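Next come the chains, spelled out residue by residue.
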Amino acid sequence: MSKRAAFLGIVMAASFAHAAAAAEIKVLSAGAIEPGLKAAAGAFQKSTGHVVRIAFNTAPEIRKRIAEGEIQDVVIAPPAAIEEFSSAGKVTQDRVELGRVGMGVAVRPGAPAPDISSADALKKSILDADSIVFNRASTGQYFEGLLKKMGIYEQVEKKTTRYPDGNSVMEHVLKGKGKEIGFGPITEILLHRDHGLRLVGPLPAEAQNYTRYTAGVMSGAPSADAAKDFLRYLGTPAAKAAFSAAGIE
């Protein structure tokens, strides 16, 4: 056998070994970290050959799907949900903290920016708005509680529109005609920036709410070893930089 043939054989063997080692990692994730997670997963795929397939959903829907027995390789949700899954034996101790996402305020292109410089200013802007839009996920549940804490929930309930997910909220605001104000995770607002959606800014500090996100390997994960590799990558500086660039602190 010639040296060239031997070399080609080694290359082909290495290629087949790489293909055999490659795995499909299925991830069920909260939607608020979508842009950062997609960027990190893309870099991981490129460097390892593993394929990362991500399904995004709200935290309540993730709870429902896992309670019904769904098994993925990795689940990403707020820490409280991960702890629930762990207590039920559905998530292992292989976990990594990804970061936190704050709530922001959005308006359509050309719409006047509401004053959100303080909690009192935010309250007045909500009362003055033609309509307010937010989701039914964890951030929306917090915002509903904030409106009640402000004592204005009943006053604004009739002009409130809610959607199951943040994407629908942002699309509604983009199609608005008047003084609509959208509320949701800053990451989801930034995701629609290319379509003209305007991030007015984060909620004022005294009204702000951060949702943290944790990734965990599911018990019985079909690609458990590859899933653990993915979690380790999500904890690297490169992955953290991808999350930070997407608005995830």
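What you see is a predicted model, and the numbers here were worked out from it, not measured in a lab.

About the criteria used
- Residues numbered from 1 in each chain as written.
- Predicted model: local features only at pLDDT ≥ 70, side-chain atom pairs only at ≥ 80, totals over all residues.
- Heavy atoms only, no water.
- Helix = DSSP H or I, 4+ residues; strand = E, 2+ residues; numbered from the N terminus.
- Buried < 20%, exposed > 50% of the residue type's maximum accessible area, 1.4 Å probe, protein only.
- Lys, Arg positive; Asp, Glu negative; His and termini not counted.
- Salt bridge = Lys/Arg side-chain N within 4 Å of Asp/Glu carboxyl O.
- Polar contact = N/O pair within 3.5 Å; in protein donor to acceptor, adjacent residues only side chain to side chain.
- Contact = heavy atoms within 4.5 Å.
- Axes fitted to C-alpha atoms, helices over the stretch in contact; angles between N-to-C directions.
- Parallel < 35°, antiparallel > 145°, perpendicular 65-115°, else oblique.
- Left-handed = near helix turned anticlockwise from the far one by under 90°.
- Nonpolar A, V, L, I, M, F, W, Y, C, P; charged D, E, K, R; others polar.
- Arc of directions from axis to C-beta.
- Core = buried A, V, L, I, M, F, W, Y, C linked by side-chain atoms within 4.5 Å.
- Pairing = 2+ DSSP bridges.

**Details of the side chain of Lys-159**
Relative to the helices and strands, Lys-159 is located in the loop between helix H7 (153–156) and strand E6 (160–163). Although Lys-159 is buried, it forms no salt bridge, and the closest oppositely charged side chain is Asp-128 at an N-O distance of 6.7 Å. From its side chain, Lys-159 meets the backbone oxygen of Ile-126 in a polar contact 2.9 Å long. A distance of 2.8 Å separates a polar atom in the side chain of Lys-159 from the backbone oxygen of Leu-127. Apart from residues no more than four positions distant in its own chain, Lys-159 is found in contact with Ile-126, Leu-127, Asp-128, Ala-129, Asp-130, Ser-131 and Ile-132.

**Some details on the packing of helix H2 (residues 34–48) against helix H10 (residues 224–234)**
Running from N to C, H2 and H10 point in directions that differ by 120°, and their axes come no closer than 10 Å. Overall, the two elements H2 and H10 adopt an arrangement that is oblique. Here H2 runs over H10; the crossing is right-handed. In this structure, H2 contributes Leu-37, Ala-40, Ala-41, Ala-43 and Phe-44 to the contact, and H10 contributes Ala-226, Asp-229, Phe-230, Tyr-233 and Leu-234. A per-class count over the contact of H2 with H10 returns nine nonpolar, no polar and one charged.

**Considerations on helix H3 (residues 59–67)**
If you check which residues of H3 are buried, you get Ala-59, Ile-62 and Ile-66. Down the axis of H3, the smallest arc covering the buried residues is 55°, so these residues share one side. Backbone geometry just downstream of H3 places Gly-69 in the positive-phi region, at approximately 105°.

**Observations concerning the nonpolar core**
Taken as a class, soluble globular proteins show a tendency for nonpolar side chains to be buried jointly. Of all hydrophobic cores here, the largest spans 40 residues; its most connected members are Ile-25, Ile-33, Val-74, Ile-76, Phe-230 and Leu-234. When residues of this core are assigned to their parent elements, the largest contribution, six residues, is made by H10. Residues within four places of Phe-230 in sequence aside, it is in contact with Ile-25, Val-27, Leu-37, Ala-41, Phe-44, Val-52 and Val-74. Formed by 18 residues, the second largest nonpolar core is a distinct cluster that contains Met-103, Met-150, Ile-181 and Phe-183.

**Side note on the pairing of strand E3 (residues 74–77)**
Alternating positions in E3 separate into two faces, Val-74 and Ile-76 on one and Val-75 and Ala-77 on the other, with burial throughout. Pairing between strand E1 (residues 24–30) and E3: three bridges, direction parallel. Looking at E3, one finds that Val-27 is bridged to Val-74. Pairing analysis gives four bridges linking E3 to strand E9 (residues 210–218), with the strands arranged antiparallel. Bridge pairing links Ala-77 to Thr-214 in E9.

**With respect to the environment of Thr-139**
For Thr-139, the position within the fold is in helix H6 (residues 138–150). Spatially, the C-alpha atom of Thr-139 lies 31 Å from that of Glu-24, the residues being 115 residues apart in sequence. In contact with Thr-139, not counting residues within four places along its chain, are Met-103, Pro-185 and Thr-211.

**Brief notes about the pattern of salt bridges**
Enumeration over the complete set of coordinates arrives at 11 salt bridges. Between Glu-70 and Arg-65 there is a salt bridge whose closest N-O contact spans 2.7 Å. A salt bridge links Arg-108 to Glu-180; the shortest N-O distance between them is 3.7 Å. Taken as a pair, Arg-108 in the loop between strand E4 (91–107) and helix H5 (119–128) and Glu-180 in strand E7 (residues 180–185) lie far apart in primary sequence, 72 residues in all. As far as burial versus exposure is concerned, Arg-108 and Glu-180 are alike and both buried.

By themselves, these are just geometric observations and shouldn't be taken as functional.
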